[in-house]
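Structure assessment
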Amino acid sequence: MIDRYTLTSSPGQLKTTFPFLTEMPVFDVQYNASPAKHLPVATLQAPTKIQNFRWGFISGLSNNKKMSHRLFNADIVQGLSKPSIKKSLSRDRCIIFATGFYVWKLLSKKMLTPHYAHFESGQPFAIAGFWEEKDEFVEHSTDSFMMLTRPANSHISEYQQDMPFILPHDKISNWLDPGFDVQECISWMENAPSGTLSIYPVSPAINHVDLNDERLIKRSLPADQHGNYTLFG
C-alpha cells in the first residue's frame, strides 16, 4: 500500500509543470502526506483549479493502526473490474500532486525499512485518483479522494508489490477529459513513470503522522519500523 507521499513544490513550481492550472490556493508543503490530511488535487469537473480534499473516504482513519488500505488506495487493474469503482473512474477522476512517495522494504515477517522514492529531476508529478463529493446530510463531511495504485514496476518491485499510478505527463489531459475511456489507461503502465527514480532509506519517523519536516526525506541508515538499525537496506 501507499500511505505516505510528499509535495514539496511551491504553487509557482506546480504552475510551471502543470500550466493548465489557473487557480492556486495556498497549501502547505508536505513531507509526510498521509491519509485523513487535506491535500491538493485537481478534478475532472474543475481541472484548472487546485482544491484541498481529504485523503481517504472515512474520517479519523489516520489514527486507526489496523485500517485497511482499501480506505485510501484502489488498485487500478482490480478497480476496473468492480462496478462501483469503475463508475467513479468514469465520472469522478482527479489528479494528486506529488514530488515523491515512501515505500517499505520487507526484510522479514516483522521487519520493514522505509525508503523514499522521487525523480532525480526533482519535478512534481501527477498520480491518478478519484474523488467523492461530501454528503450534505452528514455533519463535518468533506470532499475526499482515493489514490490509485498499480503493480510495482522494476524500480519498485524490490521494495514492495505496488506503487502509485503515476500518469505520463502527456496523458494528464486525457485523464482530465470527460470523454476519455478509462479502460485505455491500462496501457500507460508500460511506459510510466518516465525519468530516473532515486530510492534510498529514510527515518521510520514518517510513521508519526504529525511530523512534517524536511528531515523526513533525508537519506538515513536503514532502520526498521521500530527504529532499530539494520545491516540490510
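Residues numbered from 1 in each chain as written. Predicted model: local features only at pLDDT ≥ 70, side-chain atom pairs only at ≥ 80, totals over all residues. Heavy atoms only, no water.

Some details on unusual backbone geometry
Although it is not a glycine, Ala-36 sits at a positive phi angle of roughly 85 degrees. Within the secondary structure, Ala-36 sits in the loop between strand 2 (30–33) and strand 3 (38–43). Residue Ala-36 is classed as partly exposed on the basis of its relative accessible area of 21%. (Helix = DSSP H or I, 4+ residues; strand = E, 2+ residues; numbered from the N terminus. Buried < 20%, exposed > 50% of the residue type's maximum accessible area, 1.4 Å probe, protein only.)

A closer look at the pattern of salt bridges
Throughout the structure, instances matching the rule amount to five salt bridges. Between Arg-91 and Asp-92 there is a salt bridge whose closest N-O contact spans 3.3 Å. A salt bridge links Lys-218 to Glu-214; its shortest N-O distance comes to 3.8 Å. Of the residues examined, Lys-218 reaches a relative accessible area of 45% and is grouped as partly exposed. You can call Glu-214 partly exposed: its relative accessible area is 43%. (Salt bridge = Lys/Arg side-chain N within 4 Å of Asp/Glu carboxyl O.)

Details of the pairing of strand 8 (residues 111–119)
Among the nine residues in strand 8, seven count as buried, and that is most of the element. As paired elements, strand 8 and strand 12 (residues 197–201) share five bridges and run antiparallel to each other. Bridge pairing in strand 12 links Tyr-116 to Tyr-200. (Pairing = 2+ DSSP bridges.)

Focus: the confidence of the model for the protein
Low-pLDDT portions of the prediction should not be read for the details of their coordinates. This prediction gives the protein a mean pLDDT of 86; 84% of its residues lie at or above 70. Mean pLDDT across the elements of the protein ranges from a minimum in strand 7 (residues 100–108), with 87, to a maximum in strand 6 (residues 93–98), with 98. Counted against residues more than four places away or in other chains, residues 60–66, with its pLDDT under 50, gives nine contacts. (pLDDT = per-residue confidence, 0-100. Contact = heavy atoms within 4.5 Å.)

Describing the packing of aromatic side chains
Overall, the coordinates contain 13 aromatic pairs when judged by the stated rule. Ring centres of Tyr-116 and Tyr-200 lie 6.0 Å apart, and the angle between their planes is 70 degrees; on these two criteria the pair is classed as edge-to-face. One end of the pair, Tyr-116, is in strand 8; the other, Tyr-200, is in strand 12, and 84 residues separate them in sequence. Across this residue pair, the class does not change: Tyr-116 and Tyr-200 are buried. (Phe/Tyr/Trp six-rings, centres within 6.5 Å; stacked < 30°, edge-to-face > 60°.)

A short note on the nonpolar core
Leu-89, Ile-95, Phe-97, Leu-148 and Trp-175 are the most contacted members of the largest nonpolar core, which has 29 residues in total. If you list the elements that add at least two residues to this core, you get helix 3 (83–91), strand 6, strand 9 (125–132), strand 10 (144–151) and helix 4 (172–175). For this core, the element with the most residues is strand 9, which contributes three residues. Sequence-distant contacts of Phe-97, defined by excluding residues within four places in its chain, comprise Tyr-5, Leu-7, Leu-14, Phe-18, Leu-21, Pro-40, Val-41, Ala-42, Ile-50 and Phe-125. Counting residues in each nonpolar core, the second largest holds 27 residues, with Ala-33, Ile-156, Ile-166 and Leu-197 among its members. (Core = buried A, V, L, I, M, F, W, Y, C linked by side-chain atoms within 4.5 Å.)

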